[in-house]
Amino acid sequence: MLEKTAETRPAATFAKGIPLAAALDDWAGADARRQDVAATVAALARGATALARRIAEGPLGGDLGATLSAGEAGEGQKALDVIADELLIAALHAAPVAAVASEEDELPVPLKAGAPLLVALDPLDGSSNIDTCLSVGTIFAVLACPAGIDGAAPAAFLQSGRSLLAAGYVMYGPHVALMLTVGAGTWPFVLDADGVFRLAEPAARVPQGTAEFAVNMSNYRHWDAPVRLYVDDCISGREGPRERDFNMRWVASMVADAHRIFRRGGVYLYPGDARKGYGQGRLRLLYEAFPVAFLMEQAGGAATDGRTDILDLTATGVHQRTPLVFGSRDKVERVRRYHLAPAGEADRAPLFARRGLFI
Ligand SMILES: O=P(O)(O)OC[C@H]1O[C@](O)(COP(=O)(O)O)[C@@H](O)[C@@H]1O
Ligand SMILES: [Mg+2]
Ligand SMILES: [Mg+2]
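Residues numbered from 1 in each chain as written. Chains lettered and ligands numbered in written order. Predicted model: local features only at pLDDT ≥ 70, side-chain atom pairs only at ≥ 80, totals over all residues. Heavy atoms only, no water.

## Remarks on the coordination of the magnesium ion (ligand 3)
Surrounding the magnesium ion (ligand 3) are the protein donor atoms Glu103 (OE), Asp122 (OD) and Leu124 (O), which sit 2.1 to 2.2 Å from the metal. Sequence spacing of the donors to the magnesium ion (ligand 3): E-x18-D-x1-L. In this structure the magnesium ion (ligand 2) is found 3.7 Å away from the magnesium ion (ligand 3), and Asp122 serves as a bridging donor for the pair. In this structure, Asp122 and Leu124 share a single accessibility class: buried. (Donors = N, O, S within 2.8 Å, 3.2 Å for Na, K, Ca; no water. Buried < 20%, exposed > 50% of the residue type's maximum accessible area, 1.4 Å probe, protein only.)

Below you can see the structure in the form of structure tokens.
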């Protein structure tokens with residue numbers, strides 16, 4: 001029986017500026033499992049640092065946005081997707097990891113047979129932004145390798161979101177940011193000029209009450225009623241049932257939208273919709289939704305598929321997709337209420353009076 005880990009532990013607090021390696025060592029102490037997790041996160045950070053240098057070269061380093069293959073649902077595999085995959089998996093050879101389930105590889109990539117950990121990986125998030133110099137990212141989750149199962153077997157990765165040992169993303173933007181959780185709060189690091197990730201502030205907290213939502217509005221006609229109603233209410237502004245104006249943002253790099261939400265709150269929505277192949281949305285459960293949900297929950301935020309907490313889901317496929325809503329807890333709970341109360345009418349009427357005051 002795998003130990004339950006994505007539970008809230010007392011937040012470990014470190015001084016601003018502490019290097020990642022020192023923070024991980026301090027957190028791990030003499031605990032063998034934690035030492036393995038720390039070594040794996042450190043290896044991912046080294047791979048991401050090498051990738052950051054490659055991204056910073058932009059077109060000088062070749063056509064990183066070249067489409068190599070059509071991929072699923074027309075979402076082509078770009079040159080940088082493969083470069084990122086190779087750099088990060090190469091870095092993980094130094095860690096106690098049995099296999100990696102990556103967006104860029106159909107089957108899990110075997111590393112060290114019998115090693116205690118597994119890594120789920122989105123090597124390059126925001127691929128449609130690769131050659132536009134906009135922020136892109138890397139997303140990862142660390143899991144235990146189940147006893148008696150070959151780590152390279154897809155079945156090894158079919159675990160509950162509550163089984164995550166660690167999760168994080170690296171954002172390659174104006175500065176390179178790492179957002180990390182090992183289940184003791186969410187820690188924001190920044191890469192310094194010497195290539196060292198240093199803690200930027202003690203612990204991240206997702207602000208509430210921000211009137212901002214992130215969604216790809218061009219899919220509006222394909223959405224189900226609850227999502228339409230939620231977005232309609234936001235864009236109706238102060239004349240509408242929400243009695244306040246809302247702002248919209250959409251970077252088309254989930255990591256960048258998540259980072260903004262950590263800074264100033266709001267909600268991100270990528271629902272399932274009526275387009276072919278998008279019934280379960282676009283984001284992958286194992287290496288996109290689980291990690292961002294763990295980071296959000298550890299910072300007081302929330303994540304749902306519309307009805308169930310993302311971390312309460314259990315993966316049934318390595319590349320399975322899930323509808324995804326994450327961000328400020330107040331906003332995520334409202335989107336969930338719209339889903340649980342068909343047509344949202346029952347929910348909206350009683351709130352109307354209250355809404356003006358609180359949200
Ligand atoms: O192009 P769309 O439909 O707006 O979707 C954008 C979303 O898809 C993603 O790019 C999916 O991730 P990948 O780039 O890793 O495939 C998210 O980062 C982003 O939020
Ligand atoms: Mg992605
Ligand atoms: Mg990707």
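Read on for the rest.
## Some details on the UniProt feature "binding site: Mg(2+) 1" (unreviewed entry) in the protein
UniProt's feature table lists "binding site: Mg(2+) 1" (unreviewed entry) at Glu103, Asp122 and Leu124, given in the numbering used throughout. What stands out for the annotated residues spanning 22 residues is how close their C-alpha atoms remain, the widest pair being 8.7 Å apart. Inspection of the secondary structure assignment puts Glu103 in the loop between strand 3 (97–102) and strand 4 (109–110). Contact partners of Glu103, with chain neighbours within four places excluded, come to Leu121, Asp122, Pro123, Leu124, Arg284, Tyr287 and His319. Tracing the sequence through the fold places Asp122 in strand 5 (residues 117–125). (UniProt positions renumbered as here; feature names shortened; annotations may be inferred. Helix = DSSP H or I, 4+ residues; strand = E, 2+ residues; numbered from the N terminus. Contact = heavy atoms within 4.5 Å.)

## Thoughts on the coordination of the magnesium ion (ligand 2)
With distances of 1.8 to 2.0 Å, the protein atoms coordinating the magnesium ion (ligand 2) are Asp122 (OD), Asp125 (OD) and Glu288 (OE). Considered as a linear motif, the donors of the magnesium ion (ligand 2) on their single chain read D-x2-D-x162-E. Classification of Asp125 by relative accessible area gives buried; the value is 5%. Overall, the relative accessible area of 2% leaves Glu288 in the buried class.

## So, the site of ligand 1
Residues in close proximity to ligand 1 total 16 residues, the closest being Asp125, Gly126, Asn216, Met254 and Tyr270. A distance of 2.7 Å is found between an oxygen atom of ligand 1 and a backbone nitrogen or oxygen belonging to Met254. One of the side-chain N or O atoms of Tyr268 is found 2.9 Å from an oxygen atom in ligand 1. Of all the secondary-structure elements, those providing two or more residues to the shell around ligand 1 are strand 5 and strand 13 (267–270). Per-element accounting of the shell around ligand 1 gives the leading share, 3 residues, to strand 5. The residue makeup of the shell around ligand 1, split by class, is 6 nonpolar, 4 polar and 6 charged. (Near = heavy atom within 4 Å. Polar contact = N/O pair within 3.5 Å; in protein donor to acceptor, adjacent residues only side chain to side chain. Nonpolar A, V, L, I, M, F, W, Y, C, P; charged D, E, K, R; others polar.)

## Structural notes on the pattern of salt bridges
Within the structure shown, the criterion is met by 17 salt bridges. For the salt bridge of Asp245 with Arg238, the shortest nitrogen-to-oxygen distance reads 2.7 Å. What makes Asp245 partly exposed here is its relative accessible area of 41%. Owing to a relative accessible area of 54%, Arg238 belongs among the exposed residues under this scheme. Among the ionic pairs, Arg336 bridges to Glu333, the shortest N-O distance being 2.9 Å. Taken as a pair, Arg336 and Glu333 lie in helix 7 (residues 329–340) at a separation of 3 residues, close to a single helical turn. Residue Arg336 is classed as buried on the basis of its relative accessible area, which comes to 12%. Residues joined by salt bridges that share partners form a network here, namely Arg162, Glu297, Asp309, Asp312, Arg329, Glu333 and Arg336. (Salt bridge = Lys/Arg side-chain N within 4 Å of Asp/Glu carboxyl O.)

## Remarks on the pairing of strand 6 (residues 136–144)
When a strand is regular, its side chains alternate between the sheet's two faces. Along strand 6, 9 of the 9 residues are buried, which leaves the element largely enclosed by surrounding structure. Across the two faces of strand 6 the burial is the same, with Val136, Thr138, Phe140, Val142 and Ala144 and Gly137, Ile139, Ala141 and Leu143 all buried. As paired strands, strand 5 and strand 6 are joined by 7 bridges and run antiparallel to one another. Paired with Asp122 across the bridge in strand 6 is Ile139. Note that strand 6 and strand 7 (residues 166–172) share 7 bridges and pair antiparallel. (Pairing = 2+ DSSP bridges.)

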